[in-house]
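# Residue-level structure breakdown
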Amino acid sequence: MSAVRLQLREDGSLRHFLTIEGLDRALLERILDTAESFVSVHAQAVKKVPLLRGKTVVNLFFEPSTRTRTTFELAAKRLSADVLNLNIAQSATTKGESLLDTLRNIEAMFCDMFVVRHADSGAAHFIAHHVAPHVSVLNAGDGRHAHPTQAMLDMFTIRRHKGDFNRLRVAIVGDILHSRVARSQIHALNILGTHEVRVIAPKTLLPADVEQLGVHVFHDLEQGLEEVDVIIMLRLQKERMQGGLIPSEHEFFQLYGLTPERLRRARPDAIVMHPGPANRGVEIDSRVADGPQSVILEQVSNGIAVRMAVMSLIMGGGEAA
Ligand code: NCD
């Protein structure tokens, strides 16, 4: 079954959250609106709501992660769930246990939700296909394929600063080829009706079919930044490169690094985003990453409310209040 169909129940509600592709605008807006209702929970003296009380969430991370894993953990705890963190890279699969065996064992511990990060595209889909009927799967990043909660926290951050998507020009800059974040962002931006989505990158860092995703391609950074409201910088994913795609980090920064001078090409009120971890001096100048137009740390904070929203919608829950 396709990931698109697998993730929805018959009544159209979310069962799993595997990919943004194929979801409709109303559902994405529901996630954003629900997240809005959770923002205030962080400011309460007791930072908890009981929506997932009695439920168990397992973070199954087959790849390292800091931001994503910790914000998923905080989100689940703020919803009053019990949380287990399993770092599989150092655990059963290295002892030769198969992925399905690992799953069956964790299921036998009566868990309700798996948050999965894996280096292979399609891993979360595979797991969702095999779990027991009462278990939901959230994709926390699979290979180069998708990272739907990251895209939604980015949409949430954009909406908070800029309002309506249909007037916005958004540019995604850098290593699009290896980026599951970019793919999910492009789908989300288009579904939400963004006026124009641009990608700015050298040919070697773009997937062959990128235009079919509904973007305008630029190879020149300064040209691509003209009139832009939102700039999303991406990390150069050196660990996924087989060599030869860029001449050197220094040269990449010369051509595609976001400096304060280049930022002036965009609209004066443009915001600068980065999913993290950022390579300072490779794709972004520290003066921009730490500057007044940067919302990079807000993205991290917003990750908690957005992940709370997705988990509570999956569990059939609603808003905070
Ligand atoms: C991203 C990821 O892991 O896909 N980071 C994240 O989730 N915050 C992007 C990256 O690793 O560059």
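Residues numbered from 1 in each chain as written. Predicted model: local features only at pLDDT ≥ 70, side-chain atom pairs only at ≥ 80, totals over all residues. Heavy atoms only, no water.

### Notes on the overall build of the chain
As a reminder of what qualifies: Starting at the N terminus, helices and strands are each numbered in turn, a helix being any DSSP run of H or I of at least four residues and a strand any DSSP run of E of at least two. Every radius of gyration here is taken over C-alpha atoms, with the globule rule written as 2.2 Å times N^0.38, N being the number of residues. Working definition: with a 1.4 Å probe on protein chains only, accessible area under 20% of the residue-type maximum means buried, over 50% means exposed, and in between means partly exposed. Any two residues having at least one pair of non-hydrogen atoms within 4.5 Å are treated as being in contact. Charged residues are defined here as Lys and Arg on the positive side and Asp and Glu on the negative side; His and the ends of the chain fall outside this count. Charge positions are represented by NZ for Lys, CZ for Arg, CG for Asp and CD for Glu.
Scanning the chain from terminus to terminus reveals 12 helices and nine strands. Rg of the C-alpha trace for the chain: 19 Å, near the compact-globule value of 20 Å for 321 residues, within the 12% margin. The burial tally for the chain puts 55% of its 321 residues in the buried class. Summarising the internal contacts of the chain: among those between residues at least 6 apart in sequence, 75% fall at separations of at least 24. Positive and negative charge centroids in the chain, built from 36 and 37 side chains respectively, lie 4 Å apart.

### Thoughts on the domain arrangement of the chain
Quick note on the threshold: All the domain ranges listed were derived from an automatic or database domain assignment. Note on definitions: buried area is the accessible-area loss of two parts on being combined, 1.4 Å probe, summed for both. The term salt bridge refers to a pairing of a side-chain nitrogen on Lys or Arg with a carboxyl oxygen on Asp or Glu at a separation within 4 Å.
Here the domain parsing of the chain yields domain 1 (3-146 + 301-314) and domain 2 (148-297). One C-alpha centre belongs to domain 1, the other to domain 2, and the line joining them spans 25 Å. The interface of domain 1 with domain 2 comprises 35 residues on the first partner and 27 residues on the second. Taking both sides of the interface into account, the surface hidden between domain 1 and domain 2 amounts to around 2,700 Å²; carbon and sulfur atoms contribute 59%. Considering only the side of domain 1, the residues that lose the most area to domain 2 are Ile-20, Leu-32 and Arg-144, jointly responsible for 26% of the buried surface there. Across the domain 1-domain 2 interface, the total number found is three salt bridges. In this structure, the salt-bridge partner of Arg-160 is Glu-36, at a minimum N-O distance of 2.5 Å.

### Structural notes on the sheet that holds strand 7 (residues 216-218)
To keep it simple, the criterion reads: For two strands to be treated as a pair, DSSP must find no fewer than two bridges joining them. An axis is simply a line fitted to the C-alpha atoms; with a helix, the fit covers only the stretch in contact. Between two such axes, the angle follows the N-to-C directions and lies from 0 to 180 degrees.
The five strands lie next to each other as 7-6-5-8-9, forming an open sheet whose pairing is parallel. Pairing within the sheet leaves two strands with one partner each, and these edge strands are strand 7 and strand 9 (271-273). With direction set aside, neighbouring strand axes in the sheet form an average angle of 20°. The sheet contact formed by strand 5 (residues 169-173) and strand 8 (residues 230-233) spans four bridges and is parallel. By the bridge assignment for strand 8, Ile-172 is matched with Ile-232.

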